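An overview of the molecular structure
The residues making up each chain are set out below.
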Amino acid sequence: MQEIADSLRKKGLIGFVPTMGALHKGHLSLIEKAREENDFVVVSIFVNPLQFGRGEDYDRYQRSYKDDYALCKSCGVDYLFYPDVERLYPKKTKTFVRMPSLENVLCGKKRKGHFRGVLTVVAKLFNIVKPHNAYFGEKDFQQAVMIKNMVYDLNFDIGIKTLPTIREKDGLAISSRNSYLAPIERKKAPIIYRTLKEGKKLIEGGKDPSYVIDKMKKMIEKKGFLIEYIEIVDQETLKKFKKEKSLIAVSVHMGKTRLIDNIKLMG
Ligand code: AMP
């Protein structure tokens, strides 16, 4: 891949879309943007063991290489980078990328080591694929913020582009993990985005954040979801509620499935 990347860079711009596979419309929107803005598009598929904690869904994470390959082919992806674990981590990794100020907030509070795994693998992938631009979804907002910070702090010469969350018709953010939901759970899942929209309306109407969060919790819990967190944070620092450029972020559990979503406030 590094040799291919070197030769591609002589001919034009490389746009890169890192994924864990089980590709869906969310991934496709990133691929399309990468195609628009670059001469070559590289997609990686790698279910990264380093970012899964004990008891998380590493083993049952959906793997659908054949379908993913066909989809990439039909979307004009030039290279699909699909390393196995032994190739990406031939020896036990001794070097990690960490971000103490952000890795333990929001999703990182419960998922210890998750963002260390994400940043480390993304840094490796950047050094392997050598892209000019890389594309990430706002659905994983914290991840995108941390990657932007990593690229800035470590001087990666890569443009980081973030794109809006693609949703099902009923508002549920598309995710590979939606397939874990039982039909009855799937039916209830749109409450997450409905609640986010309601929260946005209330905050922008001047209601107190703690009142709004409480109301949102009740709306979601009524449908049988367990709340991991609902927080209103600054879009850049991920610190607690600021008046401008903030975001409501939610993580909920239904049975064994963990779903996240967010909505931006005030521009
Ligand atoms: P994943 O395969 O889940 O690791 O996601 C790979 C990339 O696709 C990440 O940048 C995600 O944020 C992005 N992504 C996942 N779901 C969506 C979605 N519904 N809309 C937009 N981007 C998404």
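In this text, all values refer to a predicted model and were calculated from it rather than measured experimentally.

In many analyses, interface size is given as the accessible surface area lost on bringing the parts together. Examined at the domain level, the protein chain breaks down into domain 1 (2–163) and domain 2 (176–265). Just the C-alpha atoms count here: the centres of domain 1 and domain 2 sit 25 Å apart. Of the roughly 1900 Å² buried between domain 1 and domain 2, counting both surfaces, carbon and sulfur atoms make up 52%. Remark: the boundary between domain 1 and domain 2 carries 3 salt bridges. Here Asp57 makes a salt bridge to Arg177, at a shortest N to O gap of 2.8 Å. Counting every contact that joins domain 1 to domain 2 gives 9 residue pairs in polar contact (both at pLDDT 80 or more).

Looking now at the site of the ligand. Around the ligand sit 17 residues in total, of which Met20, His27, Asp140, Ile166 and Ile174 are the nearest. Separating an oxygen atom of the ligand from a backbone N or O atom of Gly137 is a distance of 2.9 Å. Ile174 has a polar backbone atom sitting 2.8 Å from a nitrogen atom of the ligand. Here the ligand loses 93% of its free accessible area of 480 Å² to cover by the protein chains. Of all elements in the fold, only strand E1 (14–19), helix H2 (25–37) and strand E4 (133–137) reach the threshold of two or more residues within the shell around the ligand. The biggest single contributor to the shell around the ligand is H2, with 3 residues. Split by residue class, the shell around the ligand holds 8 nonpolar, 7 polar and 2 charged.

Time to look at the packing of helix H7 (residues 114–129) against helix H8 (residues 141–153). Two numbers describe how H7 lies on H8: the axes approach to 11 Å, and their chain directions differ by 55 degrees. Between H7 and H8, the angle is such that the two are oblique. When the axes of H7 and H8 are compared, the crossing they make is right-handed. For the pair formed by H7 and H8, the contact residues are Phe115, Val118, Leu119, Val122, Ala123 and Phe126 on the first element and Gln142, Gln143, Met146, Ile147, Met150 and Val151 on the second. Among the residues making up the contact of H7 with H8, the classes are represented as 10 nonpolar, 2 polar and no charged.

What the rule picks out here adds up to 16 salt bridges. The shortest N-O distance in the salt bridge between Asp170 and Arg186 comes to 3.0 Å. A residue pair is termed long-range when its members are at least 10 positions apart, and Asp170 in the loop between strand E5 (159–163) and helix H9 (183–188) and Arg186 in helix H9 qualify at 16 residues. Classification of Asp170 by relative accessible area gives partly exposed; the value is 37%. The partner of Lys200 in a salt bridge is Glu204, with the nearest N and O atoms 3.0 Å apart. Placement of both Lys200 and Glu204 in helix H10 (residues 191–204) is noted, with a separation of 4 residues, approximately one turn of the helix. Residues joined by salt bridges that share partners form a network here, namely Lys33, Glu36, Glu37 and Lys161.

A separate point is the sheet that holds E4. Taken in spatial order, the 5 strands of this open sheet run E3-E2-E1-E4-E5, and their pairing is parallel. Each edge of the open sheet carries a strand with a single partner, namely strand E3 (79–81) and E5. Here the average twist between neighbouring strands, direction ignored, is 25 degrees. As judged from the 5 bridges shared by E4 and E5, these two strands associate in the parallel manner. When the bridges of E5 are listed, Phe136 appears paired with Thr162. Against the sheet, H2 touches E1, strand E2 (40–45), E4 and E5, its axis set at about 155 degrees to E4.

How each quantity is defined
Residues numbered from 1 in each chain as written. Predicted model: local features only at pLDDT ≥ 70, side-chain atom pairs only at ≥ 80, totals over all residues. Heavy atoms only, no water. Domains from an automatic or database assignment. Buried area = accessible area lost by both parts, 1.4 Å probe. Salt bridge = Lys/Arg side-chain N within 4 Å of Asp/Glu carboxyl O. Polar contact = N/O pair within 3.5 Å; in protein donor to acceptor, adjacent residues only side chain to side chain. Near = heavy atom within 4 Å. Areas by Shrake-Rupley, 256 points an atom, 1.4 Å probe, with all protein chains shown as cover. Helix = DSSP H or I, 4+ residues; strand = E, 2+ residues; numbered from the N terminus. Nonpolar A, V, L, I, M, F, W, Y, C, P; charged D, E, K, R; others polar. Axes fitted to C-alpha atoms, helices over the stretch in contact; angles between N-to-C directions. Parallel < 35°, antiparallel > 145°, perpendicular 65-115°, else oblique. Left-handed = near helix turned anticlockwise from the far one by under 90°. Contact = heavy atoms within 4.5 Å. Buried < 20%, exposed > 50% of the residue type's maximum accessible area, 1.4 Å probe, protein only. Pairing = 2+ DSSP bridges.

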